[in-house]
Amino acid sequence: MASNATSGNVCTPPMKPTSNGAFQGDNPLDYALPLAILQICLVLVVTRGLAYLLRPLRQPRVIAEIIGGIILGPSALGRNKSYLHAVFPPKSLTVLDTLANLGIIFFLFLAGLELDPKSLRQTGGKVLGIAMAGISLPFVLGIGSSLILQGTIAKGVDSTAFLVYMGVALSITAFPVLARILAELKLLTTNVGRMAMSAAAVNDIAAWILLALAVALSGNNQSPIVSLWVFLCGCGFVLCSVFILLPIFKWMAQRCHEGEPVEEVYICATLGAVLAAGFVTDSIGIHAMFGAFVVGVLVPKDGPFASALVEKVEDLVSGLLLPLYFVSSGLKTDIATIQGLQSWGLLAFVIFTACFGKIVGTIVVSLLCKVPFNEALVLGFLMNTKGLVELIVLNIGKDRKVLNDQTFAIMVLMALFTTFITTPLVTAVYKPARKARIAVYKYRTIERKNTNSQLRILACFHGARNIPSVINLIEASRGIQKRDALCVYAMHLKELSERSSSILMVHKARKNGLPFWNKGHHADSNHVIVAFEAYQQLSHVSVRPMIAISSMANIHEDICATAERKRAAIIILPFHKHQRLDGSLDITRNDFRFVNKRVLEHAPCSVGIFIDRGLGGTCHVSASNVSYCITVLFFGGGDDREALAYGGRMAEHPGIRLVVIRFAVEPRIAGEITRVDMGESSSTKSISHDEEFLAEFKVKIANDDSIIYEEKVVKNVAETVATIGEFSCCNLFLVGRRPASELACAMKRSECPELGPVGGLLASQDCPTTASVLVMQQYHDGDGVPINFVSETEEHLANGDEESA
């Protein structure tokens, strides 16, 4: 008996780190390192696969990660004991939990970086009231529900700690998840989005304070004096951090200059401070993540220092370490413990209590603050968002024996359900009426009767590589007629992802109340904005830089909505390929191609796709040094007229020489060309428009020596291509995307249909040229007629609205 008892108390020997290999008879799964690698890979495959499947439902990635953790745990795959003991044996859980908690420490550091204390100090009374209501009522209901749970499935737990944990669990709003949901649903620009972000930030801070209190109360020692000392020492740690670390971080941030790499010693020192703060708070008796969160909050958010820290940490943490926390949580979640009508009834009760407290509390205070009911309802749904923060609270409670298995499983399902329903509920309830297209917004094309009216351009670009050519294109477009003849909105297209750096971008956007950085804000912290503002001062052209932050799947909505709101006549999009050193075009990112296609389909104005081959070189060319030859290839049709109209605008610049080549088919050859059915009536209308437009154009250029007009009669496609090749030494080609010519349509089919036959030829290797290309698509109304007629009254009203815009 003694031997049996002794053997029963023998501890399992710790796992060795590495094996000698399968060929020497070692099972890699019996060793810590290969087993940890397998666990990480399995987690990545499952969670990323689920995220891909849930993407059509517009769910945040945290949903997929929570579900993935549950699937890998005893609730699903873990029911197979062979799998559970092979992949997640008990002796490996110490290593797994250590890595998971290391990921949580740095995740909380990133969460602290996402919170800006300055914005919290500027929070208005309305938002503060909404935030407090979203905390207090759920906290009270959480305490009430804890009393019911204690009488049923949570008997024998520490009563005080359990009350506080349940209150915190029901009152939390996951700020990072909420920010991504708002950005995904395009609500950052709305009043609802701004209030929700501010209220969630206040809620986040309050939740961590309450959680620190809960942790202090849940120690093994039942003496209230010990809990009091833990809490007071935590407060002392925060004060010491403010007075010691904050000045050091400010000194570091001041020594980090825009455009220069942040010194490695600053990064290393900050990450070391994160770990040291975690050690201190863990020694106090509060979880190590609190120290990391405090350090993140104290790091200055202005300048490149915070961004550099995020770039160094976020991919490793979010990609590898953090998913382990979901598995660690999933291994503790056994849905099978929820058995019987009572348990499932308690699950429904907890879900109802959580939703009721958050939603009703937020709605009531919002209505008292005179927020419209629809917006108040949406605010309630948004503030009900849970996520990883909720899991952290629950796991700490589980580790400290405050929550048993059944209560833990119920609370995890509650967090999953409340977060999952947020997006569909907000989408169903809040449908901000799209502003009807403004009747006086008539200048949707460059081709127009009044050529002296202001031209508004929305020029998009992907990054710093595009800036010189975009600025040189703007310079070529401004002419010399009058100072306000050109207004440009330069939009930097940035992808919104699950990364913390995306939330930093959202913060800067939110400070302006728009999903963009407008001029005058943060110009000292972004070299892109600096470049455009410098050009504006030199050229006196109105340039308004902005940044669109959205996912690649729907960033075209931002582009089109901005173009309509700013009354742009043309959207200029960068081609999805860039020029290499050998002159060939290489794909930058294929997602940009689909963005361009969607904009071409949904644009409220004309669109140009800009194939950049270094227009003007790698730097801005001043107005006095501009010397470009621009060639317009005119085959006929609305798009070609748009290209010619733009060329006519450019020709007003004293440094630009315009060459217009009109292609015509030799009459006796025309019948031999393969016919392309373009519609008889539309073709006839197009020809009449072309002749009228060309007649007016010839009259205007009669005394202009800088414009050359030629007509080329060609016999076949080969002769057309050869003629185009004669002008390959120009600086810029302007072509239409859909030429109304059987000759052009008979050209070799392009691999990029969005460029059309002529644009595709100029972008291919078959036409060796160093010239950049702008492929134009003219906007048409429902009747297929370009918008180019404006009455004097409408024009006066439009100009008045443009002043206010």
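Residues numbered from 1 in each chain as written. Predicted model: local features only at pLDDT ≥ 70, side-chain atom pairs only at ≥ 80, totals over all residues. Heavy atoms only, no water.

### Some thoughts on the overall build of the protein chain
For step 1, the next point in the chain: Secondary structure summary: the protein chain contains 30 helices and twelve strands in total.
For step 2, the next point in the chain: Every one of the 805 residues in the protein chain was classed for burial, and the buried ones make up 56%.
For step 3, the next point in the chain: For the protein chain, long-range pairs separated by at least 24 residues make up 80% of all intrachain contacts whose partners lie at least 6 apart in sequence.
For step 4, the next point in the chain: Only carbon and sulfur atoms are counted for the fraction: they give 60% of the accessible area of the protein chain, which is about 34,600 Å². (Helix = DSSP H or I, 4+ residues; strand = E, 2+ residues; numbered from the N terminus. Buried < 20%, exposed > 50% of the residue type's maximum accessible area, 1.4 Å probe, protein only. Contact = heavy atoms within 4.5 Å. Areas by Shrake-Rupley, 256 points an atom, 1.4 Å probe, with all protein chains shown as cover.)

### Some thoughts on the confidence of the model for the protein chain
For step 1, the next point in the chain: Across the protein chain, the average pLDDT comes to 81, with 84% of residues at 70 or higher.
For step 2, the next point in the chain: This stretch, residues 1-9, has a pLDDT under 50; its non-local contacts, to residues over four places away or in other chains, come to zero contacts.
For step 3, the next point in the chain: Contacts from residues 510-525, a stretch scored under 50 in pLDDT, to residues over four places away or in other chains number 49 contacts. (pLDDT = per-residue confidence, 0-100.)

### Quick word on the pairing of strand β8 (residues 628-634)
For step 1, the next point in the chain: With seven of its seven residues buried, β8 lies for the most part within the structure.
For step 2, the next point in the chain: Because side chains alternate across β8, one face comprises the buried residues Tyr 628, Ile 630, Val 632 and Phe 634, and the other comprises Cys 629, Thr 631 and Leu 633, equally buried.
For step 3, the next point in the chain: As defined by bridge partners, β8 adjoins strand β9 (residues 656-665) across seven bridges and the pair is classed as parallel. Residue pairing in the sheet places Thr 631 in a bridge with Val 659 of β9.
For step 4, the next point in the chain: With helix α24 (residues 638-650) bridging β8 and its parallel neighbour β9, the resulting β-α-β unit is right-handed.
For step 5, the next point in the chain: Summarising the sheet, β8 and strand β11 (residues 732-736) pair through four bridges and their orientation is parallel. (Pairing = 2+ DSSP bridges. Right-handed = clockwise from strand over helix to strand, strands pointing away.)

### Notes on the nonpolar core
For step 1, the next point in the chain: Counting 146 residues, the largest nonpolar core has Leu 211, Phe 305 and Leu 388 as its most contacted members.
For step 2, the next point in the chain: By residue number, the principal contributor to this core is helix α10 (residues 191-217), which donates 17 residues.
For step 3, the next point in the chain: Among the nonpolar cores identified, the runner-up in size contains 52 residues, and Ile 571, Leu 761, Ala 763 and Cys 767 belong to it. (Core = buried A, V, L, I, M, F, W, Y, C linked by side-chain atoms within 4.5 Å.)

### What about helix α8 (residues 159-171)?
For step 1, the next point in the chain: Here α8 is 13 residues long and its end C-alpha atoms lie 18 Å apart, about the 18 Å a rise of 1.5 Å per residue gives.
For step 2, the next point in the chain: Those residues of α8 that fall on the buried side of the exposure criterion are Ala 161, Phe 162, Leu 163, Val 164, Tyr 165, Met 166, Gly 167, Val 168, Ala 169, Leu 170 and Ser 171.
For step 3, the next point in the chain: Looking at the buried residues of α8, the elements they touch are α7 (125-150), α10, α15 (340-368), α17 (388-399) and α18 (405-429). (Expected span 1.5 Å × (residues − 1).)

### Some details on the packing of helix α5 (residues 93-114) against helix α14 (residues 304-332)
For step 1, the next point in the chain: One way to put it is that α5 packs onto α14 with a least axis distance of 7 Å and a crossing angle of 140°. Between α5 and α14, the angle is such that the two are oblique. You can see that α5 and α14 cross each other, and the crossing is left-handed.
For step 2, the next point in the chain: When its residues are assigned to classes, the contact of α5 with α14 shows 21 nonpolar, three polar and two charged. (Axes fitted to C-alpha atoms, helices over the stretch in contact; angles between N-to-C directions. Parallel < 35°, antiparallel > 145°, perpendicular 65-115°, else oblique. Left-handed = near helix turned anticlockwise from the far one by under 90°. Nonpolar A, V, L, I, M, F, W, Y, C, P; charged D, E, K, R; others polar.)

### Side note on a nonpolar patch on the surface
For step 1, the next point in the chain: Together, Val 238, Leu 239, Val 242, Phe 243, Ile 244 and Ile 248 give the surface a local cluster of nonpolar side chains, amounting to about 540 Å² of exposed area.
For step 2, the next point in the chain: Positionally, Leu 239 belongs in helix α11 (residues 224-254). (Patch = residues over 30% accessible without salt bridge, like charges linked within 9 Å, V, L, I, M, F, W, Y side chains within 5 Å. Salt bridge = Lys/Arg side-chain N within 4 Å of Asp/Glu carboxyl O.)

### Some words on the pairing of β9
For step 1, the next point in the chain: Of all ten residues in β9, seven are buried, a share of seventy percent or more.
For step 2, the next point in the chain: Relative to strand β10 (residues 707-714), β9 is paired through eight bridges, and the arrangement is parallel. Residue pairing in the sheet places Val 665 in a bridge with Val 714 of β10.

### Digging into the sheet that holds β10
For step 1, the next point in the chain: Strand order in the open sheet formed by ten strands is β3-β2-β1-β4-β7-β12-β11-β8-β9-β10, with mixed pairing between adjacent strands. If you trace the sheet from one side to the other, it starts and ends with β3 (542-550) and β10, each paired once. Across the sheet, the axes of successive neighbouring strands diverge by a mean angle of 20°, strand direction being ignored.
For step 2, the next point in the chain: For β11 and strand β12 (residues 772-777), the ladder comprises five bridges, and the chain directions are parallel. Paired with Phe 733 across the two strands is Val 773, which belongs to β12.

### A closer look at the packing of helix α22 (residues 555-565) against helix α23 (residues 590-602)
For step 1, the next point in the chain: Put simply, α22 and α23 touch, their axes get as near as 9 Å, and they point 40° apart. By the angle between their axes, α22 is oblique relative to α23. Crossing angle aside, the handedness with which α22 passes α23 is right-handed. Contacts between α22 and α23 involve Ile 555, His 556, Ile 559 and Cys 560 from the first element and Val 595, Arg 598, Val 599 and His 602 from the second.
For step 2, the next point in the chain: A class-by-class count of the residues in the contact of α22 with α23 yields five nonpolar, two polar and one charged.

### Structural notes on the packing of aromatic side chains
Think of a pair of aromatic rings as described by two things: how far the centres are apart, and how the planes are tilted against each other in angle.
For step 1, the next point in the chain: Under the counting rule described, the total for this entry stands at four aromatic pairs.
For step 2, the next point in the chain: Seen from their ring centres, Phe 352 and Phe 356 are 5.6 Å apart, and the 25° between their planes marks the pair as stacked. Within this pair, Phe 352 and its partner Phe 356 are both found in helix α15, separated by four residues, close to a single helical turn.
For step 3, the next point in the chain: With a relative accessible area of 55%, Phe 352 lands in the exposed category.
For step 4, the next point in the chain: Each ring, one from Phe 635 and one from Phe 663, has its centre 4.5 Å from the other, and the planes form 5°; the classification is stacked. Pair noted here: Phe 635 is in the loop between β8 and α24 and Phe 663 is in strand β9, with a separation of 28 residues, a long-range link.
For step 5, the next point in the chain: Overall, Phe 635 belongs to the buried group, its relative accessible area being 8%.
For step 6, the next point in the chain: For the cation-ring pair, Arg 589 lies above Phe 592, with the distance from its terminal atom to the ring centre recorded as 6.0 Å. (Phe/Tyr/Trp six-rings, centres within 6.5 Å; stacked < 30°, edge-to-face > 60°. Lys NZ or Arg CZ within 6 Å of the ring centre and 35° of its normal.)

### Considering the side chain of Thr 562
For step 1, the next point in the chain: Locating Thr 562 in the fold gives a position in helix α22.
For step 2, the next point in the chain: Residue classification places Thr 562 among the buried residues on the basis of a relative accessible area of 0%.
For step 3, the next point in the chain: Of the polar contacts made by the side chain of Thr 562, one reaches the backbone oxygen of Asp 558; its length is 2.7 Å. (Polar contact = N/O pair within 3.5 Å; in protein donor to acceptor, adjacent residues only side chain to side chain.)

### Focus: the pattern of salt bridges
For step 1, the next point in the chain: Inspection of the entire model under this criterion finds 14 salt bridges.
For step 2, the next point in the chain: Glu 447 is the partner of Arg 641 in a salt bridge, and the nearest nitrogen-oxygen pair spans 3.4 Å. Taken together, the positions of Arg 641 in helix α24 and Glu 447 in the loop between α18 and β1 (455-461) put the pair 194 residues apart, joining distant regions of the chain. No difference in accessibility class separates Arg 641 from Glu 447, as the two residues are buried.
For step 3, the next point in the chain: Between Arg 662 and Glu 711 there is a salt bridge, with its nearest N and O atoms 3.7 Å apart. You can see Arg 662 sitting in strand β9 and its partner Glu 711 sitting in strand β10, a full 49 residues away along the chain.

### Re helix α2 (residues 32-54)
For step 1, the next point in the chain: The end-to-end C-alpha distance of α2, which contains 23 residues, comes to 33 Å, matching closely the 33 Å that a straight helix rising 1.5 Å per residue would cover.
For step 2, the next point in the chain: Buried residues of α2: Ala 32, Leu 35, Ala 36, Gln 39, Ile 40, Val 43, Val 46, Thr 47, Leu 50, Ala 51 and Leu 54, and no others.
For step 3, the next point in the chain: Looking at the buried positions of α2, the neighbouring elements they touch are α3 (61-72), α4 (81-87), α5 and α14.

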